Amino acid sequence: MYEGVFKPPRGRCWNWILGALAILAALFVAAAVVVFGVNRFTLELELKGEPEVNIEYGGRFQEPGAVLCLRGSLLCRDGFTPKDARVSIQGSVDEKTPGKYTLTYLADYRGLHAQAQRVVRIVDTVCPEIFLTPDPEGSLIPGTPYEEAGYRAVDNHDGDITDRVVRTEQYGKILYAVTDSSGNPGYAQREIPFYDPIPPEITLTGGEHYAIPTGVFYTEPGYAARDNVDGDLTEHVQVEGEVDWLTPGVYPVTYTVSDGFENTTTVTRRVEVTAAQRPQTVWPENKTIYLTFDDGPGPETERLLDILDSYGVKATFFVTSRGCGEMMKEIVERGHSIGIHTVSHDYAQIYASPEAFFADLFAMQDVIYQNTGIKTTLMRFPGGSSNTVSRETSEGLMTLLTRAVQDAGFQYFDWNVDSNDAGGAKKAQTVFDNVIEGVTRNPVSVVLQHDIHSFSVDAVEDILIWGLNNGYTFAPLTPNSPGVHHRVQN
């Protein structure tokens, strides 16, 4: 029997080892293919510094540069910079020209591409300067226009821009302004050591003494102001003072104006509100009846005139504006007196204010003048001077008006005999009785009737017959006739 140690065949063992290594290699390759096939790489450009940069004109742009980064999606996710990578820059920055410049950064690495941009702005924010030439000593003459000594404007980018300067003269100074091509403004100011010792002049239209009659509303006659340097200063004149056009007296009105060098002129106009001389009242020696008729003329007026003519009697008509102009003319032509009553007979309107009353008064005076050619001064207050309606609009109005109308040259007439034809009397007999009863109590009677009422006109003939038979004289009112004024109650 053969005894010994077993030894595998040498060739078959080696083959086994080589086979195992081949399998491991195949597995490694397969794993690498899997890993590297999924891990995708990207190339990125990262700018150093800010992506947008502002550089003041005159400064220098220092390129910060850019960094190339290779980054994997699975492996090398933090990225790394390949040593053989290169970055190129397209574009340039002109530091001498304000504007916007774009720099483009490009990189190529093993088939991968990357790009980034940076914006560089060259800006000009420096304002231009204006240099003023000093004024020569003694070159300024008072009262003469200023002569420019000279100036120059310089900009850090535009250079000499003197031709763009805008020059404005003001009181005691000159302003200079300029703007460069970038919109930056520059200013300078020159103080003018110049004085104007001559004050402006004020001219008053109508003179320094001006007169208006009482009752005529004062309207400024006008004025003008001129200065040797500033020219027309009329619109700068300050006017102070009030004129009481209803009260006679002298009222100062002052006019003040100053020029640009604070020279001030003040002049005073003295406005005199004059009072008309009041006529002397003449009381008749005989028993006298003044027949007066208000609120006409109207449809009954012509018949009334015929009745009066038939007895040779003259009366007084205080008329309103009823459009009966021809009848006003006939009243005057037949020798009767005509006086002002009112245009509207609207108490609320007439007694709204002194201005409203005088407007109505003068308007009715004009109506009478246009129809008769007579500028009458006879008048009667609507409701008489004793009316209390005016209290509702103006306290003390009648006290003021009764004085003012006389100062304005008017003579107002109330009455002392009331026919009551505007009240309870509705028949001619009642009117007659009321008139006769009142007349017998007065040596001089001013009778109130209204020729717009036919029954009142019907009573006139009987009144005339009674008066003539009893020794009375009938007369029209004149400026010298007794006013028979009521007691004023407002």
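Look above for the structure.
Scoring rules and cut-offs
Residues numbered from 1 in each chain as written. Predicted model: local features only at pLDDT ≥ 70, side-chain atom pairs only at ≥ 80, totals over all residues. Heavy atoms only, no water. Buried < 20%, exposed > 50% of the residue type's maximum accessible area, 1.4 Å probe, protein only. Helix = DSSP H or I, 4+ residues; strand = E, 2+ residues; numbered from the N terminus. Arc of directions from axis to C-beta. Contact = heavy atoms within 4.5 Å. Axes fitted to C-alpha atoms, helices over the stretch in contact; angles between N-to-C directions. Parallel < 35°, antiparallel > 145°, perpendicular 65-115°, else oblique. Left-handed = near helix turned anticlockwise from the far one by under 90°. Lys, Arg positive; Asp, Glu negative; His and termini not counted. Salt bridge = Lys/Arg side-chain N within 4 Å of Asp/Glu carboxyl O. Expected span 1.5 Å × (residues − 1).

Student: Just to check I follow, could you spell out helix α9 (residues 460-469) for this structure?
Tutor: Val460, Ile463, Leu464 and Gly467 are the residues of α9 that are buried. Projection of α9 onto a plane perpendicular to its axis shows the buried side chains occupying an angular sector of 100°, all on one side. Considering only its buried residues, α9 is in contact with β20 (288-294), α2 (301-310), α7 (428-439), β26 (444-450), α8 (454-458) and β27 (473-474). Gly471 sits one or two residues past α9 and shows a positive phi near 80°.

Student: Just to check I follow, could you spell out the environment of Pro51 for this structure?
Tutor: Note that Pro51 resides in the loop between β1 (41-47) and β2 (52-56). Pro51 sits 69 residues away from Val120 along the chain, and the two C-alpha atoms are 8.3 Å apart.

Student: Explanation requested: the packing of α7 against α9 in the structure shown.
Tutor: Two quantities define a packed helix pair, namely the angle between the axes and the distance from one axis to the other. One can describe the packing of α7 onto α9 by two numbers: an axis separation of 10 Å at closest approach and a directional angle of 30°. Here α7 is positioned roughly parallel relative to α9, judged by the angle of their axes. For the crossing formed where α7 meets α9, the hand is right-handed. Residues Phe432, Val435, Ile436 and Val439 of α7 pack against Asp462, Ile463 and Trp466 of α9.

Student: Sorry, what's going on with the side chain of Asp230 here?
Tutor: For Asp230, the position within the fold is in the loop between β15 (223-227) and β16 (231-232). In this structure, Asp230 is buried with no salt-bridge partner, the nearest side chain bearing the opposite charge being Arg226 at 10 Å. The contacts of Asp230, once residues within four sequence positions are left out, are Tyr171, Asp259 and Gly260.

Student: I would appreciate a short explanation of the side chain of Gln449 in the present structure.
Tutor: Within the secondary structure, Gln449 sits in strand β26. Ignoring any residue separated from it by four or fewer positions in sequence, one finds Gln449 in contact with Leu291, Thr292, Phe293, Asp294, Ser419, Asp421, Val431, Ser456, Val460 and Ile463.

Student: Would you mind going over unusual backbone geometry with me for this structure?
Tutor: Keep in mind that most residues, glycine aside, have a negative phi and that most peptide bonds are trans. Note that the residue after Gly296, namely Pro297, is joined by a cis bond; omega there is -5°. One can find Pro297 in the loop between β20 and α2. Phi at Val484 is positive, roughly 45°, even though this residue is not glycine. Given the relative accessible area of 17%, Val484 is considered buried.

Student: Where do I start with the pattern of salt bridges in this structure?
Tutor: Side-chain pairs of opposite charge can arise where the charged atoms are in close proximity. One pass over the structure, following the stated rule, counts 21 salt bridges. Across the pair Asp366 and Lys375 runs a salt bridge, and its minimum N-O distance is 3.6 Å. Note on Asp366: relative accessible area 34%, which makes it partly exposed. Each of the salt bridges in this network shares a partner with another, and the network as a whole consists of Asp135, Glu148, Arg167, Glu169 and Arg190.

Student: What is the right way to look at helix α5 (residues 354-372) in this model?
Tutor: Taking 1.5 Å of rise per residue, 19 residues should cover 27 Å, and α5 covers 27 Å from first to last C-alpha, within 8% of that figure. The set of residues buried in α5 consists of Pro354, Phe357, Phe358, Asp360, Leu361, Met364, Gln365, Val367, Ile368 and Thr372. Where the residues of α5 are buried, they touch β21 (316-320), α3 (325-333), β22 (337-342), α4 (347-350), β23 (378-379) and α6 (397-407). Where α5 terminates, the next one or two residues include Gly373, which has phi positive at roughly 80°.

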